[in-house]
Amino acid sequence: MIPRMSQHNMKPSGPLPANIWKGIPMKMEMKKMKRLKFPMWIRLSGGRWGTENGPTSMLTCTCYFFMLAYSKCFSPVLFFFLIQPGFSFRKLWAFTGPGFLMSIAYLDPGNIESDLQSGALAGFKLLWVLLISTILGLLLQRLAVRLSVVTGLHLAEVCNHNYSKVPRILLWLMVELAIIGSDMQEVIGSAIAIHLLSNKTIPLYGGVLITITDTIVFLFLDKYGLRKLEAFFGFLITTMAITFGYQYVTVKPNQLEVVKGMFYPNCAGCGPAQLEQAVGIVGAVIMPHNIYLHSALVKSRKINRLNVSEVKEANMYFFIEAIIALFLSFLINVFVVSVFAESFFNKSDAQLHEVCVKANSPFANVFDNSTDKLQVDIYKGGIALGCYFGSAALYIWAVGILAAGQSSTMTGTYAGQFVMEGFLNIKWTRFARTVLTRSIAIVPTLAVATFQDVEHLTGMNDFLNVLQSMQLPFALIPILSFTSEKALMKDFVNNLFWKIGGGFVIVFVCAINLYFVVVYVHKLQQLSLFVLAILLIILYMIFIVYLTWQCLIMLGVQWLNCFGTVIHEDESIVSTEMSPDHNE
């Protein structure tokens, strides 16, 4: 359970070294700090970046040591905030936690597969799409945080207050679909990783069944509080950074091409396949349930909402934390894209088959002798790395995928509990919630793993990315609507820039979804499935039109408010204290 915390009540519950909590390197002379090579912006601050009111968990320590390692990259990004009057690393520590837990969703197996396919199919040319998607995700997470910080209610709770019963239930169902899809990706990624680590000894269906145990581990850790759980997921993030970073160092991608691909928006020679992959990157990175999750997680910090300066300060520190967290997730995603761009771009199946045969790989038969361009997934990707760079690369890749898969468990479980309680006012224990989600996720995955081959199993990841992308409007439209509502946000209501920019993002995402739907429906072979898909698309678009109508009213188009369905100034639901629902 998420504890109620404030910057005045942040002492550790575990027997960690005292100097971690009393300030590293607060009592060091400046010479010692310089000798230990602490970044300049920490030395200039007098080392006051941790005190007895310090980090909330082991996850905080892990993430900030990463921040130190990449300080030269962080300094330009954070410079604006660091020079603000009254900025305090002590307070930044106090607000650290929710953003890093949120960033886990940017590293699930669906994202990793999208990354490697991007590299193998388009080389470094789509890195700028990954960068823009991450920035868009950051801006959307900022809106989610502001809504919760200002109102004291997370997104699902605000939806419950403002939508009528039918739209509210439909919204809940759409978000639940996204959560189940995310959990299925966790099951697929973990099953494939276990299959590779066991050298095919454990079959795929066995790996799927083993994923039941991670539910038990999760519930065991959750029993001992959020800090233990944060420490576990801090370990998983560290594992992903090390394993995928190892692949990056081993392959040695062309650094100039990496930078060019990141900052030069161009895709010369790209065709429909590359376009579809670019669209897939957006769908994989920006996940709807993650917006609901982040808005709920920030409620774990106690804020006096009657004090405008304190609310403004909380928004700033949460935004800084989100920048750091998403930078780290972006870095790991870049590792994966670059490795496959450097090693497997423009390669054919025949070339991979020949290399695997020479390496005496037991997986050589995965690649045939065709001259078709290489089509990779998280399964074939690991095998290809093993053939080119040795078996160690294969096993290290599998460990990274396993960590990515396990990390998705927390995201889905917490998000599921928050949206169920928020939309329906139904309070389930995390045990019941986890059992329900995992049961729904395992049944279809187990069926495919048992009766089909691994290609069909990994192919489910593509479908699940499409499914989650299609749920995005059901998070984006409500978050833009409510953060643009003066009665809710008061002095923190969206300005014109955010309203126009948010509207553009929604139109952009809906256009992407429409493209996904056209591509997917075009591939359907059966008439009955085609007709069913068309009917679902019509219902889908009707619901989006309804939400858009509500959104336009909140954006100020009052002549559309024919039925008086939108809240007014005297109906504000802003809370001056934290809702205790998730913090007891």
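Each remark here, short or long, concerns the structure printed above.
What you see is a predicted model, and the numbers here were worked out from it, not measured in a lab.

Novice: Explain the overall build of the protein chain to me, please; I cannot follow it from the model alone.
Specialist: Along the protein chain, the regular secondary structure elements total 26 helices and zero strands. When the 584 residues of the protein chain are sorted by exposure, 59% land in the buried category. Counting only contacts in the protein chain whose residues sit at least 6 apart along the sequence, the fraction spanning at least 24 positions is 83%. With an accessible surface of roughly 24,100 Å², the protein chain has 67% of that area assigned to carbon and sulfur atoms.

Novice: Explain the packing of helix 9 (residues 127–151) against helix 17 (residues 308–344) here, please?
Specialist: Packing of helix 9 against helix 17 leaves a shortest axis separation of 9 Å and a crossing angle of 155°. It follows that helix 9 is roughly antiparallel to helix 17 by the angle criterion. Note that helix 9 runs across helix 17; the crossing there is right-handed. Of the residues in the contact of helix 9 with helix 17, the class split is 17 nonpolar, five polar and two charged.

Novice: I'm lost on helix 23 (residues 473–483) in this one. Help?
Specialist: Among the eleven residues of helix 23, eleven are classified as buried, and the element is accordingly described as predominantly covered. Among the residues of helix 23, P473, F474, A475, L476, I477, P478, I479, L480, S481, F482 and T483 are the ones counted as buried.

Novice: Help me out: how do you make sense of the state of the cysteines in this one?
Specialist: Each disulfide consists of a covalent bond between the sulfur atoms of two cysteine residues. Summed over the entire model, instances satisfying the criterion amount to two disulfides. Between the sulfur of C267 and that of C270 lies a disulfide, 1.6 Å long from S to S. Its S-S torsion of approximately -65° makes the covalent link between C267 and C270 left-handed. Residue classification places C267 among the partly exposed positions, given a relative accessible area of 22%. Under the relative-accessibility criterion, C270 is labelled partly exposed at 29%. Two residues share a disulfide in this structure: C356 and C387, whose sulfurs sit 2.0 Å from each other.

Novice: I tried to follow the packing of aromatic side chains on my own but got confused; where do I start?
Specialist: To describe a pair of aromatic rings, one takes the distance between the centres and the angle between the planes. For the coordinates displayed, the defined rule picks out 16 aromatic pairs. Centroid distance F340 to F344: 5.3 Å. Interplanar angle 45°. Geometry classified as tilted. Of this pair, F340 and F344 both sit in helix 17, four residues apart, roughly one helical turn. Residues F504 and F508 carry aromatic rings whose centres are separated by 6.4 Å and whose planes lie at 10° to one another, so their mutual orientation is stacked. Within this pair, F504 and its partner F508 are both found in helix 25 (residues 496–523), separated by four residues, close to a single helical turn. Judged by relative accessible area, which is 35%, F508 ranks as partly exposed. By way of ring pairs, the aromatic residues F244, F340, F344, Y388, F389 and W397 are connected into one cluster. Lying across the ring of F319, R142 places its NZ or CZ 5.7 Å from the centre. We note K200 situated over the ring of F363; from NZ or CZ to the ring centre the distance is 5.1 Å.

Novice: Quick question: what am I supposed to make of the packing of helix 25 against helix 26 (residues 527–554) here?
Specialist: For any two helices packed against each other, the geometry comes down to the angle between their axes and how far apart the axes lie. Where helix 25 contacts helix 26, the axes come no closer than 11 Å and their chain directions differ by 170°. When the interaxial angle is binned, helix 25 and helix 26 end up roughly antiparallel. In contact with C510, N513, V517 and V521 of helix 25, helix 26 contributes F530, A533, I537, Y540 and I544.

Novice: I keep staring at the pattern of salt bridges and nothing clicks. Help me out?
Specialist: Opposite charge on two side chains permits pairing when their charged atoms draw close. Tallied over the entire structure, the rule returns three salt bridges. Here K91 and E313 are joined by a salt bridge, their closest N and O atoms 2.9 Å apart. Placement of the pair is K91 in helix 6 (residues 89–95) and E313 in helix 17, with a sequence separation of 222 residues. The exposure class assigned to K91 is partly exposed, which follows from its relative accessible area of 24%. For E313, a relative accessible area of 19% translates into the label buried. Note that E354 is salt-bridged to K358, the shortest N-O span being 3.4 Å. Note that E354 and K358 are positioned in helix 18 (residues 349–358) at a spacing of four residues, about one turn of the helix. On the basis of relative accessible area, E354 is assigned to the partly exposed category, the value being 45%.

Novice: Where do I start with helix 25 in this structure?
Specialist: Under the 1.5 Å per step criterion, the end-to-end length of helix 25 is 41 Å for 28 residues, consistent within 8% with the ideal 40 Å. Every buried residue belonging to helix 25 is among W498, G502, V505, I506, V509, I512, N513, F516, V517, V519 and V521, and all of these are buried. Two to three positions downstream of the cap, the backbone nitrogen of F497 sits 3.1 Å from a side-chain oxygen, assigning the N-cap of helix 25 to N495.

Novice: When you look at a nonpolar patch on the surface in this model, what are you seeing that I'm missing?
Specialist: Together, L527, L529, F530, V531, L532, I534, L535, L536, I538, L539 and I542 give the surface a local cluster of nonpolar side chains, amounting to about 1,000 Å² of exposed area. One can find L539 in helix 26.

Novice: It is not clear to me how the nonpolar core should be interpreted in this structure. Could you clarify?
Specialist: Considering soluble globular proteins, one finds that nonpolar side chains tend to be buried as a cluster. The biggest cluster of nonpolar side chains holds 160 residues, and the ones touching the most others in it are L171, F244, Y292, I383, W397, F423 and F482. It is helix 17 that contributes the most residues to this core, 24 residues altogether. In this structure W397 touches I112, L116, F244, Q247, V336, F340, I378, G381, G382 and L385, once residues within four positions along its chain are discounted.

Novice: Can you walk me through the side chain of H289 in this structure?
Specialist: Residue position: H289 is located in helix 16 (residues 288–297). Residue contacts for H289: discarding those within four places in its chain leaves V175, A178, I179, S182, T411, A415 and Q468.

What counts and how
- Residues numbered from 1 in each chain as written.
- Predicted model: local features only at pLDDT ≥ 70, side-chain atom pairs only at ≥ 80, totals over all residues.
- Heavy atoms only, no water.
- Helix = DSSP H or I, 4+ residues; strand = E, 2+ residues; numbered from the N terminus.
- Buried < 20%, exposed > 50% of the residue type's maximum accessible area, 1.4 Å probe, protein only.
- Contact = heavy atoms within 4.5 Å.
- Areas by Shrake-Rupley, 256 points an atom, 1.4 Å probe, with all protein chains shown as cover.
- Axes fitted to C-alpha atoms, helices over the stretch in contact; angles between N-to-C directions.
- Parallel < 35°, antiparallel > 145°, perpendicular 65-115°, else oblique.
- Left-handed = near helix turned anticlockwise from the far one by under 90°.
- Nonpolar A, V, L, I, M, F, W, Y, C, P; charged D, E, K, R; others polar.
- Disulfide = S-S within 2.5 Å.
- Phe/Tyr/Trp six-rings, centres within 6.5 Å; stacked < 30°, edge-to-face > 60°.
- Lys NZ or Arg CZ within 6 Å of the ring centre and 35° of its normal.
- Salt bridge = Lys/Arg side-chain N within 4 Å of Asp/Glu carboxyl O.
- Expected span 1.5 Å × (residues − 1).
- Polar contact = N/O pair within 3.5 Å; in protein donor to acceptor, adjacent residues only side chain to side chain.
- Patch = residues over 30% accessible without salt bridge, like charges linked within 9 Å, V, L, I, M, F, W, Y side chains within 5 Å.
- Core = buried A, V, L, I, M, F, W, Y, C linked by side-chain atoms within 4.5 Å.

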